[in-house]
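Examination of the molecular architecture
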Amino acid sequence: MLPPPPDVRVEISLSKQRMVVLVEGVERHAWPVSTARKGYRTPLGTYRPERMHKRYFSRKYDNAPMPYAIFFYKGWAIHGTNDLRRLGRPASHGCVRLHPSNAKALFALVSQYGRANTRIVVAR
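Read on for an overview of the structure.

**Structural notes on unusual backbone geometry**
In this structure, Asn63 is a non-glycine residue whose phi angle is positive, near 60 degrees. With respect to the element layout, Asn63 can be found in the loop between strand 5 (51–53) and strand 6 (69–73). With a phi close to 55 degrees, Tyr68 is a non-glycine residue in the positive phi region. Looking at where Tyr68 falls in the secondary structure, it is placed in the loop between strand 5 and strand 6. For Tyr68, a relative accessible area of 21% translates into the label partly exposed.

Structure, rendered in structure tokens:
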């Protein structure tokens, strides 16, 4: 019998504005992120990726580009951003923003191991 596939865990800390990516419990990446600014929210909890799009544009926010989008709860997603200077502090309408190259790496990792084997944990 084959062992279960490796587990991918994406941990997002709202207080640290940081994402840690673990594969089989071993830290693979740690990146700055931007989550919800004042007046908006990034939902807390544990999720599985619902859908993924290499190229996506926000229907709600002026067709804003959301490259390498990994949707995890309703309209909330992890995705790349061009607003690099604000990474590391709250700046979004609620999505979790990453440097585009980091978003691409995460997208590839989740694609490789599968959405069913990925957990996204958003905590304070």
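The discussion continues.
**Things to note about the environment of Tyr47**
Mapped onto the fold, Tyr47 is located in strand 4 (residues 45–47). Through-space distance from the C-alpha of Tyr47 to that of Arg119 is 5.7 Å; in sequence the pair is 72 residues apart. Dropping the residues within four chain positions of it, Tyr47 is found in contact with Phe72, Tyr73, Thr118, Arg119, Ile120 and Val122.

**Some points on the sheet that holds strand 6**
Strands pair in a sheet through their backbones, by hydrogen bonds, and they do so in one of two ways: parallel or antiparallel. Read from one edge of the open sheet, 4 strands run 5-6-7-8, paired in mixed fashion. Each edge of the sheet is formed by a strand with only one pairing partner; in this case those strands are strand 5 and strand 8 (96–98). For this sheet the average axis-to-axis angle between neighbouring strands, irrespective of direction, equals 15 degrees.

**Looking at the packing of aromatic side chains**
Centre distance and the angle of the planes are the two values used to describe a pair of aromatic rings. Considering all chains together, one arrives at 5 aromatic pairs under this definition. Relative to Phe72, the ring of Tyr47 lies with its centre 5.2 Å away and its plane at 55 degrees, an arrangement referred to as tilted. Separated by 25 residues along the polypeptide, Tyr47 in strand 4 and Phe72 in strand 6 bring together distant segments of the chain. Each member of the pair Tyr47 and Phe72 is classed as buried.

So, how was this worked out
- Here, residues in each chain are numbered from 1, in the same order as that chain's written sequence.
- Residues qualify for local features only when their pLDDT is at least 70, as the model is predicted, and side-chain atom pairs are given and counted only at 80 or more; totals for whole chains, interfaces and linings, by contrast, use all residues.
- Computation of side-chain values: all heavy atoms of the structure, hydrogens and water removed.
- Each helix corresponds to a stretch of at least 4 residues labelled H or I by DSSP, and each strand to a stretch of at least 2 residues labelled E; elements are numbered beginning at the N terminus.
- Per-residue accessibility, obtained with a 1.4 Å probe over protein chains only, is compared with the maximum for each type, and a residue is labelled buried under 20%, exposed over 50%, and partly exposed between these values.
- Throughout, a contact is declared for two residues whenever any of their heavy atoms are within 4.5 Å.
- Between any two strands, at least two bridges found by DSSP are needed for them to pair.
- Comment: axis = line fitted to C-alpha atoms, over the contacting stretch for helices; angle = value between 0 and 180 degrees taken between N-to-C directions.
- Aromatic rings from Phe, Tyr and Trp, with only the six-membered ring used for Trp, were paired whenever their centres fell within 6.5 Å, and each pair was classed as stacked if the ring planes differed by under 30 degrees, edge-to-face if by over 60, and tilted otherwise.

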